[in-house]
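Observations on the model geometry
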Amino acid sequence: MDEIERQSEERGWDTAKTLAEALPYIQVYDRETVVIKYGGHAMGESAVAKQFAADVVLLKLMGVNPVVVHGGGPQISAMLDKAGVKSSFVDGLRVTDGDTMQVAEMVLSGAVNKEIAHWITMAGKEADVRGIGLSGKDAGLLTVEKTRRTKRDPDSMIEHEVDLGFVGEPTKVDAKLIRGLIASETDDWVPVIAPIGVTAEGQTFNVNADTVAGAMAGELRAKRMLLLTDVPGVKGADGEIIRQMTLEQAQLLIDTGVANGGMIPKLETAMAAVRAGVEAVVILDGRRPHAMLVELFTEHGAGTLVKAS
Ligand SMILES: Nc1ncnc2c1ncn2[C@@H]1O[C@H](COP(=O)(O)OP(=O)(O)O)[C@@H](O)[C@H]1O
Ligand SMILES: CC(=O)N[C@@H](CCC(=O)OP(=O)(O)O)C(=O)O
């Protein structure tokens, strides 16, 4: 046996050891639902996204029921730039007028949704694991109402409403279709959901993807919700990643401004999901290969875990 063969054999034994060590965790998540929020920043280059799809397939084949909710904020911004439409954000939410809504729906439900579902289907071809792309508009999945935000004027201290346009928050998740897909004994479906919702009057609204993932995880009583983003976790005031936090600590980070921008909807969602019965939420770096596998199947885990206590 030459040196290359010997090293390859060594790697084989290491892989087997890693698999054996994962057994207790694999049992914990057996037939449990894990909602994965795949952020637009985490998608990065197509090689990273394809690796994500392969990991989702692996989860499914290991007995987990993954449900993917995706974002696409940077992708919407790029398309709006091309069209010469300006975009602004309030507390991490995109102010959405009629033109912006059209572009957001086209990018989210069209390009991004179908790409992710397709990559999952491609990665799972041999085992017939199939991604199925949906938006909150399909099968009455997501009902929303207009988001109301107020801001205090720093000089007069008077509160006034900020109109975010067609931005909504979930009031009802009808997860009948999703439950049917993940419960199938004969087929391996992986639902992939775009964050578009509809009001009771039938108007299409843009919804922050973290918020949709939280509402979905709560409705499905998911064991875990994973928020995949572009930072290794939530940073505290000292700039260090916080490994675990309670709901009170999460609220304090928002109130003190240590968590700002896109991290605000993430923490708000994490808190709401835990209150709705999700065991824990993890905010982690989706750009790192196999981040979900490290989080679910190793002792140390990855990112920041948000839990009731
Ligand atoms: N305390 C914090 N810890 C980590 N990231 C933070 C914090 N406060 C704000 N952020 C910002 O939140 C961003 C993640 O939110 P966002 O850009 O909306 O990601 P995504 O597109 O993945 O949803 C990070 O890139 C970072 O700039
Ligand atoms: C209302 C609102 O802000 N909607 C988001 C929807 C996409 C999203 O949430 O994407 P990320 O997860 O990649 O940030 C937006 O228009 O950007």
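Conventions used here
Residues numbered from 1 in each chain as written. Chains lettered and ligands numbered in written order. Predicted model: local features only at pLDDT ≥ 70, side-chain atom pairs only at ≥ 80, totals over all residues. Heavy atoms only, no water. UniProt positions renumbered as here; feature names shortened; annotations may be inferred. Helix = DSSP H or I, 4+ residues; strand = E, 2+ residues; numbered from the N terminus. Contact = heavy atoms within 4.5 Å. Polar contact = N/O pair within 3.5 Å; in protein donor to acceptor, adjacent residues only side chain to side chain. Near = heavy atom within 4 Å. Areas by Shrake-Rupley, 256 points an atom, 1.4 Å probe, with all protein chains shown as cover. Buried < 20%, exposed > 50% of the residue type's maximum accessible area, 1.4 Å probe, protein only. Pairing = 2+ DSSP bridges. Nonpolar A, V, L, I, M, F, W, Y, C, P; charged D, E, K, R; others polar.

Here, the residues flagged by UniProt with the feature "site: Transition state stabilizer" (unreviewed entry) are Lys37 and Lys266. A maximum C-alpha distance of 10.0 Å among these annotated residues, which run over 230 residues, shows that they cluster at one spot. Among the secondary structure elements, Lys37 is positioned in strand 1 (residues 33–38). Here Lys37 is in contact with Val69, Gly71, Ala209, Asp210, Ala213, Leu226, Leu227, Leu228 and Lys266, once residues within four sequence places are set aside. Looking at Lys37, its side chain comes within polar contact range of the side chain of Asp210, at 2.9 Å.

Let us now look at the site of ligand 2. Taken together, 16 residues lie around ligand 2, and Lys37, Gly40, Arg94, Asn206 and Ala209 are the ones closest in. Between an oxygen atom of ligand 2 and a side-chain N or O atom of Lys37, the distance comes to 2.5 Å. At 2.7 Å from an oxygen atom of ligand 2 is found a main-chain nitrogen or oxygen belonging to Gly40. Considered on its own, ligand 2 offers 430 Å² of accessible surface; in the complex 92% of this is hidden by protein.

A few words on the pairing of strand 1. In terms of residue burial, strand 1 counts as a mostly covered element, since six of its six residues are buried. Going residue by residue along strand 1, you find Thr33, Val35 and Lys37 tucked away on one face and Val34, Ile36 and Tyr38 tucked away on the opposite face as well. One ladder, built from five bridges, connects strand 1 with strand 13 (residues 224–229); its direction is parallel. Of the residues in strand 13, the one forming a bridge with Val34 is Arg224.

A word on the site of ligand 1. The local shell around ligand 1 holds 17 residues, among which His41, Thr229, Asp230, Lys235 and Lys266 are the closest. The contact in question runs from an oxygen atom of ligand 1 to an N or O atom on the side chain of His41, over 2.9 Å. At 2.7 Å from an oxygen atom of ligand 1 is found a side-chain nitrogen or oxygen belonging to Asp230. Put simply, the parts of the chain that give the shell around ligand 1 at least two residues each are helix 2 (40–43), strand 13 and helix 9 (263–275). A class-by-class count of the residues in the shell around ligand 1 yields six nonpolar, seven polar and four charged.

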